[in-house]
Amino acid sequence: MTETDRYVIKQISIFSENRPGRLAAIAKALTEENINILAFSIAEADGFGVVRALVDKPKKAYEKLTGIGFNVAFTDVIAVKMRDSPGGLYEIAKMLANVQINIEYSYAYTGKEGGVLILRVDDAEQAVRLITSLGATLLESRVFQ
Amino acid sequence: MMFWDPRVEEMPKEELQKLQYKLLKTLVYRLYSFSPFYHDRMKQSGVHPDDIQMLGDIRKLPFMYKRDLRDNYPDKIFVAGQDDLVRYHVSSGTTGKPTVVGYTRNDLDHWTASLARGLVSCGLGRGDVLQVSYGYGLFTGGLGLHYGAERVGATVLPTSVGNTERQIELMQDLHTTAIACTPSYLLHMGEVAEKMGVSIRDDTELRMGILGAEPWSDTMKARIEDWLGIKAYDIYGTSELSGPMFCECSEQKGFHVWGDLAYIEILDPETGESLGPGEKGELVVTMLQKEALPMIRYRIGDITSYDDGVCACGRTHPRVMRISGRVDDMLIIRGINVFPSQIEYALMAVPEVGQHFQIVVDRKGALDDMLVRVEVSRESFSDKITDLMAIRKNVEHKLRNTLNVAVNVELVEPGSLPRFEGKAKRVIDRRQL
Ligand SMILES: [Zn+2]
């Protein structure tokens, strides 16, 4: 397993119309399959949105959601550990700005591993190399999946 | 044989128009005197037969509609008595009540002559075996083609519709060279033949199809021609005109409408304004010689355009293009006519979205606002909002170019739009509220 493989996490992305009940439908479907949602975010545009979620069983989630009609895609993301105290996000954000990694989007959550910043980057291999070389900690994908 | 009736088919345009004027004048006098229905209608419009002084004066005459036949069921609108009729046909209306049409001996002769000219113009004649797979009976398709083909000396095989395997066997055994049916039935036949291990292209002598009685597209035509290895000619008509009446010539650039039998106009369906060659609008037909059931400025409800130039085949009579839609489906957005079929066509060029769509029309202030919902296909779904926005922009751009009106596009989940439920669900017009 390469360095990149070890840190690349399979996020599921779900196309969703902006109408009531769509998020509930997604959550209900995942509950039925006993799939745990570890983190999620919603990106909204005019009239539609993309729900992004880290789940413990991404393949099963993909099959379930596609089966009930959702438009679902896998997306590679990486997870950077943040210091769980004031300034934790600032440290990481400053570091990423300095190394000029092209970030498509990011979202954060706090779990039992502490604060975590999820990043969608253009070039995962380069991002893994740069972030680890700067001494930051990346969470391995097996922590989630 | 190139022409069935060369004197008429190649008649100089000027002479043809003179003939049309003479026939129109006679028709209007006859109806004013003998048709209580049309007499009243002319009175209501304030038109007298003397007002018809030139061919263009036809525009002064009131229209006729399908509902006029329904309202006068079964034969109250007929001008001939029953003893002068030699046949009836009945069409089952899609909106309930059927309509009845009647024919005098001359009416049948004109109908058959019209088809004889058309069939010869696309190369059918003596030596051909024409399989008529239109329904025989109350429907006009079967008997119409039957007598037209017999008249030009082709051998008719009157299979009517159904029992497709038997039709394919007969096609092989009797060496059918031409078939008359709906384009969708011919495609079905091709599939059934393949299942039987028969290739229509290689194992039969079929070389042409005379296809109509339902809307079909260029794509369908290309598929029929390429797959089955035949030429596909469009044929047009409705029972009110007599039946299948006008057929494409060997040029395949629209069906010739015989000017001595019918006068055509293309109108803006909303304003009634007359449109020129090449402009899309509603086809309005006046039958110049019908006796039992004359039709004047009949609004069939079909959308098409026409070409008035002399055809490369030598015929001087105008050509009408394949029907592209129905007036009932038309929407008017900011004064521009929009047809759902145009949207369907534009979406075919955008693989990122499916071909299903829904139109929502609303009024924002004084302006019409048109929203088109399309489904993002599974293959092209990206996690990136920017990609999705680009797809939407692209669809908006394509629709604007096709429709000449600004459109907002909404991306929806695949499978969420209603399917095959007709206009009711495909168009939501909130403007009347
Ligand atoms: Zn021609």
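*Asks:* Whenever I open this one, the interface of chain B and chain A confuses me. Can you help?
*Replies:* As a measure of interface size, the accessible area lost when the parts come together is often cited. Contacts between the two partners involve 15 residues from chain B and, on the opposite side, 26 residues from chain A. For the pair chain B and chain A, the summed buried surface comes to about 1,700 Å²; carbon and sulfur atoms form 54% of the total. Its largest share of buried area at the contact with chain A, chain B owes to Phe381(B), Asp383(B) and Glu413(B), together 43% of the area lost on that side. If you look at where chain B meets chain A, you find four salt bridges. For the salt bridge of Arg22(A) with Glu413(B), the shortest nitrogen-to-oxygen distance reads 2.4 Å.

*Asks:* Looking at this model, I keep getting lost on the domain arrangement of chain B. Mind explaining?
*Replies:* Residues and elements named next belong to chain B. Under the domain assignment, chain B is made up of domain 1 (71–328) and domain 2 (336–429). One C-alpha centre belongs to domain 1, the other to domain 2, and the line joining them spans 34 Å. Residue-level contacts link seven residues of domain 1 with five residues of domain 2. The contact between domain 1 and domain 2 buries some 430 Å² in all, and 51% of this surface belongs to carbon and sulfur atoms. Counting the contacts that link domain 1 with domain 2 gives zero salt bridges.

*Asks:* Explanation requested: the confidence of the model for chain B in the structure shown.
*Replies:* It should be kept in mind that the predicted coordinates are not to be read in detail where pLDDT is low. Of the residues in chain B, 97% have a pLDDT of 70 or more, and the chain-wide mean is 93. Overall fold confidence for the complex sits at a pTM of 0.72, while the interface term, ipTM, reaches 0.83.

*Asks:* I would appreciate a short explanation of the pattern of salt bridges in the present structure.
*Replies:* Opposite charge on two side chains lets them pair, provided their charged atoms get close. Residue and element names in this part refer to chain A. As enumerated under the stated definition, the model contains 36 salt bridges over all chains in all. A salt bridge links Asp 76 to Lys 10, with the nearest nitrogen and oxygen atoms 3.0 Å apart. Residue Asp 76 is located in strand S4 (residues 71–82), and its partner Lys 10 is located in strand S1 (residues 9–17); the two are separated by 66 residues in the primary sequence. By relative accessible area, Asp 76 is classed as partly exposed at 35%. Because the salt bridges share partners, they merge into one network encompassing Lys 28, Glu 32, Glu 33 and Lys 64.

Cut-offs applied
Residues numbered from 1 in each chain as written. Chains lettered and ligands numbered in written order. Predicted model: local features only at pLDDT ≥ 70, side-chain atom pairs only at ≥ 80, totals over all residues. Heavy atoms only, no water. Contact = heavy atoms within 4.5 Å. Buried area = accessible area lost by both parts, 1.4 Å probe. Salt bridge = Lys/Arg side-chain N within 4 Å of Asp/Glu carboxyl O. Domains from an automatic or database assignment. pLDDT = per-residue confidence, 0-100. Helix = DSSP H or I, 4+ residues; strand = E, 2+ residues; numbered from the N terminus. Buried < 20%, exposed > 50% of the residue type's maximum accessible area, 1.4 Å probe, protein only.

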